[in-house]
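Geometric and topological summary
For reference, the chains in residue letters:
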Amino acid sequence: MTILRLALPTPLRRLFDYLPPASGLDSIPAIGVRIRVPFGRRELTGVLIEVAQSSEFPLAKLKPALQILDQTPPLPLHLLELACWAADYYQHPVGDALHQALPVLLRKGESDQPSPLLRWHATPGISSDAVAPRAKKQRALLELLLQHPEGLDNPSIRNAGYSSAQQKLLSDRGLIEEREAVAMQVPETPADTELLRQPVLPLNAEQQQALDAVFERDGFNPVLLQGITGSGKTEVYLQAIERILHQGAQALILVPEIGLTPQTVSRFRSRFAVEVQVLHSNMTDRQRLDAWLQARSGQARVVIGTRSALFTPLKTPGIIIVDEEHDTSFKQQDGFRYSARDLAVMRARAENIPLVLGTATPSLETLHNAHSGRYRHVRLNERAGNARPPKFELYDIRQQPLNSGLSDEVIRRIGIELHQGNQVLLFLNRRGFSPALMCHQCGTLIECDRCDARMTLHRTPPHLHCHHCDHQRPIPHRCPSCHTSDFKPQGAGTERTEGVLQQLFPDTDVIRVDRDSTQRRNAMQDIMERVHDGRPCILVGTQMLAKGHHFPAVTLVVILDADAGLFSADFRGMERTAQLILQVAGRAGRAERPGQVLMQTHHADHPTLIQLVNQGYEAFATAELNLRQNSGLPPFIHHALLRAEANRRGRAEAFLSTLCSALASGELNVPGVSWLGPFPASMEKRAGFFRAQLLLQSHDRRALQQLLSSITPLLEQSPLARQVRWSLDVDPVDNH
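As the structure is a computational prediction, the values presented were derived from the model and not from experiment.

Here is what the cut-offs are and how they apply
- Residue indices begin from 1 for each chain and proceed along its sequence in written order.
- Thresholds applied to this predicted model are a pLDDT of at least 70 for local features of residues and 80 or more for the giving and counting of side-chain atom pairs; totals over whole chains, interfaces and linings are not thresholded and use all residues.
- Values shown for side chains rest on all heavy atoms present in the structure; no hydrogens or waters enter the calculation.
- Helix and strand assignments follow DSSP, with helices taken as H or I runs no shorter than four residues and strands as E runs no shorter than two, numbered in order from the N terminus.
- This radius of gyration counts C-alpha atoms alone. The globule rule is 2.2 Å times how many residues there are, raised to the power 0.38.
- Type-normalised accessible area, obtained with a 1.4 Å probe on protein chains alone, sets the label of each residue: buried when under 20%, exposed when over 50%, and partly exposed for intermediate values.
- The protein chains shown are the only cover counted for residues, whose accessible areas, like all others here, come from Shrake-Rupley with a 1.4 Å probe.
- Charged residues are defined narrowly, with Lys and Arg counted positive, Asp and Glu counted negative, and His plus the chain ends left uncounted.
- Taken as the charge centre is NZ of Lys, CZ of Arg, CG of Asp or CD of Glu, depending on the residue.
- Each reported salt bridge corresponds to a side-chain nitrogen of Lys or Arg within 4 Å of a carboxyl oxygen of Asp or Glu.
- Given the number of residues in a helix, its expected span is that number minus one, multiplied by 1.5 Å.
- A pair of strands is considered paired only if DSSP assigns at least 2 bridges between the two.
- Each axis is a line fitted through C-alpha atoms, and for a helix only the stretch in contact is used; angles between axes span 0 to 180 degrees, taken between their N-to-C directions.
- Here the word oblique covers every angle except those under 35 degrees (roughly parallel), over 145 (roughly antiparallel) and from 65 to 115 (roughly perpendicular).
- Throughout, a residue-residue contact means that at least one pair of heavy atoms, one from each residue, lies within 4.5 Å.
- Under the scheme applied, nonpolar residues are Ala, Val, Leu, Ile, Met, Phe, Trp, Tyr, Cys and Pro; charged residues are Asp, Glu, Lys and Arg; polar residues are all the others, including Gly.
- Residues grouped as a nonpolar core are buried Ala, Val, Leu, Ile, Met, Phe, Trp, Tyr and Cys residues, joined through side-chain atoms within 4.5 Å.
- The rule is short: rings of Phe, Tyr and Trp, with Trp giving its six-membered ring, pair when the centres are within 6.5 Å, and they are stacked under 30 degrees, edge-to-face over 60, tilted in between.
- Predictor confidence is given residue by residue as pLDDT, running from a minimum of 0 to a maximum of 100.
- The sense of a crossing depends on the near helix, which, turned anticlockwise from the far helix by less than a right angle, makes the crossing left-handed and, turned clockwise, makes it right-handed.

Notes on the overall build of the protein chain
Assigned secondary structure in the protein chain consists of 21 helices and 31 strands. Over its C-alpha trace the protein chain gives a radius of gyration of 28 Å, about what one expects of a compact globule, namely 27 Å for 736 residues. In the protein chain, which comprises 736 residues, the proportion classed as buried is 53%. Looking at the protein chain as shown, the accessible area adds up to about 33,500 Å², and 49% of this sits on carbon and sulfur atoms. Side-chain charges of the protein chain comprise 80 positive and 77 negative groups, with the mean position of each set lying 4 Å from the other.

Details of the pattern of salt bridges
It is possible for side chains bearing opposite charge to pair when their charged atoms get close. Following the criterion strictly, the structure yields 40 salt bridges and no others. Glu 143 is the salt-bridge partner of Arg 139, the closest N and O atoms lying 3.8 Å from each other. Taken together, the residues Arg 139 and Glu 143, both in helix α4 (residues 136-147) and 4 residues apart, mark about one turn of the helix. Residue Arg 139 is classed as buried on the basis of its relative accessible area of 18%. The network of salt bridges with common partners includes Lys 331, Arg 337, Arg 643 and Asp 729.

A word on helix α9 (residues 233-246)
The terminal C-alpha atoms of α9, which comprises 14 residues, lie 20 Å apart, in line with the 20 Å expected from a rise of 1.5 Å per residue. Burial analysis of α9 places 11 of its 14 residues in the buried class, the great majority of the element. All buried positions along α9 are accounted for by Lys 233, Glu 235, Val 236, Tyr 237, Leu 238, Gln 239, Ala 240, Ile 241, Glu 242, Ile 244 and Leu 245. Just downstream of α9 lies Gly 248, where phi reads positive at about 80°.

Regarding the pairing of strand β1 (residues 3-7)
Counting buried residues in β1 gives 5 out of 5 residues, a clear majority hidden from the surface. Burial of β1 is two-sided: the residues Ile 3, Arg 5 and Ala 7 facing one way and the residues Leu 4 and Leu 6 facing the other way are all buried. Looking at chain direction, β1 and strand β4 (residues 42-52) are connected through 5 bridges and run antiparallel. Within the sheet, the bridge partner assigned to Leu 6 lies in β4 and is Leu 48. With 3 bridges joining them, β1 and strand β2 (residues 16-18) adopt antiparallel strand pairing. Considered in β2, the bridge of Leu 6 is made with Phe 16.

Concerning the packing of helix α17 (residues 573-585) against helix α19 (residues 617-631)
One can describe the packing of α17 onto α19 by two numbers: an axis separation of 11 Å at closest approach and a directional angle of 175°. Of the possible angle classes, the one that applies to α17 and α19 is roughly antiparallel. Side by side, α17 and α19 meet where Met 574, Glu 575, Ala 578, Gln 579 and Leu 582 of the first sit next to Tyr 617, Phe 620, Glu 624 and Arg 628 of the second. Here the residues of the contact of α17 with α19 are counted per class, giving 5 nonpolar, 1 polar and 3 charged.

Looking at the sheet that holds strand β28 (residues 638-646)
With antiparallel pairing, the 4 strands of this open sheet are ordered in space as β29-β30-β28-β31. Looking at which strands have only one partner, the edges of the open sheet turn out to be β29 (673-686) and β31 (725-730). Across the sheet, the axes of successive neighbouring strands diverge by a mean angle of 20°, strand direction being ignored. Note that β28 and β31 share 6 bridges and pair antiparallel. The partner of Glu 645 across the bridge, within β31, is Arg 725.

Focus on the nonpolar core
Counting residues in hydrophobic clusters, the biggest one holds 148 residues, and the most contacted among them are Ile 241 and Val 302. Here Val 302 is in contact with Ile 241, Leu 245, Ala 251, Ile 253, Phe 268, Phe 272, Val 274, Glu 275, Val 276 and Gln 277, once residues within four sequence places are set aside.

Some details on the packing of aromatic side chains
Given two aromatic rings, one states the distance between the centres and the angle between the planes to describe the pair. As enumerated under the stated definition, the model contains 7 aromatic pairs in all. With centroids separated by 5.4 Å and ring planes inclined at 90°, the aromatic side chains of Phe 16 and Phe 39 adopt a geometry described as edge-to-face. Highlighted residues: Phe 16 in strand β2 and Phe 39 in strand β3 (residues 34-39), separated in sequence by 23 residues. Of the two residues, Phe 16 and Phe 39, both sit in the buried class. Members of the aromatic cluster, joined through ring pairs, are Trp 85, Tyr 89 and Tyr 90.

Observations concerning the sheet that holds strand β21 (residues 462-465)
Overall, antiparallel pairing links the 3 strands, which are arranged β20-β21-β22 in an open sheet. Whereas interior strands pair on both sides, the edge strands pair on one side only; in this sheet they are β20 (456-459) and β22 (472-473). Inspection of the sheet shows β20 paired to β21 by 4 bridges, in the antiparallel sense. Residue pairing across strands places Arg 459 opposite Pro 462, the latter belonging to β21.

Observations concerning the confidence of the model for the protein chain
Summary statistics for the protein chain give a mean pLDDT of 88 and a share of 96% for residues scoring 70 or more. Scored below 50 in pLDDT, residues 184-193 shows 10 contacts in the model against residues more than four places distant or in partner chains.

What to know about the packing of α17 against helix α18 (residues 607-615)
It is at 11 Å that the axes of α17 and α18 come closest, and there the two elements cross at 40°. Seen along the crossing, α17 lies across α18 with a hand that is right-handed. Residues Met 574, Ala 578, Ile 581 and Leu 582 of α17 lie in contact with α18, whose contacting residues are Thr 608, Leu 609 and Leu 612. Across the contact of α17 with α18, the residue classes tally to 6 nonpolar, 1 polar and no charged.

Right under this line is the structure:
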């Protein structure tokens, strides 16, 4: 008897047995195909993992599958195996892991065949004279389509600089029309002239050495490309991809933020005359599926995406590049808690292709792998072209008067730069008007009802906002403790700093860049256009400004609170502070104009800050790695964090205590694994739930995995399991 063993998107950590569909099987289905099955009162789309001849359950209790959806598996076998391996390693239900590796429409059971390819054409018999000369943009778009009788798709028209509004005006007049195109075969080995739209830039000696290192041996070759900001890492990526394209292969580039993808895609599309596709969460489900299918068919030669793009299949994989590899957004923080960076290493090994991990400030885990010889370590210490690294200055603000967080020296230096026609960037990683609202009479701070946190004051529009649980409420008229109405904002956020700068420099454009100011569609793109016109302006923003942006006219970067993170309870606090400082500092002096970085601090004599400023990231990282090794912390030990939360205080800790009892009694006896806790999370109450955690650690990764495999069934069977929500985070990057 044929039994179909499926992985289904449920929280249950097991496979499910089904009989073949009632209509029977024409042939044994391939491993990895999607099958629609009944599950309780619902229907689910599962993935076939095994075809067996018997089941542990009576045949009479097995239900027949409803429909086999695919002739061939949507994912190639090695990606199916990678997703299954990741589910096992990160202790996540395999059905849900496979579900997340597929585009949303495939999860819903839709066809894995591409939708019709549509292109815009000039209407037959039409000439450019059909548009009046004064309508320059419309006329130019019509002329462009007349020059391309094969038609152009929407991304190509946008990339050429034309808007959907101009397109619609021509369409409404019947001058252009959209028609289904015949899919063209991708040439196996395109000629040189077909690959590039722009000539390559000359590489300096360091860049050439880095490029050679990527291809110094065939097959799997992991390279850590550590280059200071502005050193030309992207040009190395582009020329490495060009070599891959010459071989008829494809490239996958992972970037940490959606905000970085537009400028990255624009640069890649400007360079390459091949199909460049993008995958991120701001796209519609249909757009994502079409891009995914183009990558799988080989039509998309270059694929750029955020974390989830890791599982995108490539017909001819050639290289994987992880840009800003240190960024914590490569680790999923809920559900399937995988690290896209670490799985990129596994995928490159399985596909036997080069892997480039690029960053100015490597994570200590990656740096440790490089020091251990697992990765080739290549450095770019010179800025490309004539640009010079910025000069750092620690400015001691102890006993100095501050105007909403701005010292007199900072205000003076901003004025000098603006007078010289330059741009200035101020970094403050606190959005809103003020991080706290305090009663001036009794000192009460307005706190969130659902979290152990103060509410942030926002002025546009006026309200209080908890940035931890997203709870919002009106600004109170009276203090809940003393009933007076004498409230004072405490501290400054980006909104308040923006207002002060507008008062101090009324003739200068002040541009705020944070999550609040960039919510509107295309807001970030509009901001970048305002900055890139080169006129003097002041940029004020959070870490959204720190990553990957190129501001050639910025000559002064001011870090308003360099002390944030210096005394963090998280052992990774110093690492992240150092990375953020250097990433922000890298926005200064990226062109011919020299750059300066002014850091306001109450701890100008702090040894770590002094070391970072005077000796650079490598010296800091080496010292930090030595400290981690002496303290028995990652990457010299392996962590797993068991989190639990409940709506009553103490319940989550009681749930975790049952596991501690099993560990202490020897019921779960795995030598070499120790544990700490349970203890309350650093913010115990969040979004109305009380949180606790238990840390498991071992120098032996296999021993830790063995214990984790034993823990999950025990937790699922616990009498308290229905009263708490729990999750297991392997290799956590957030210990809160």
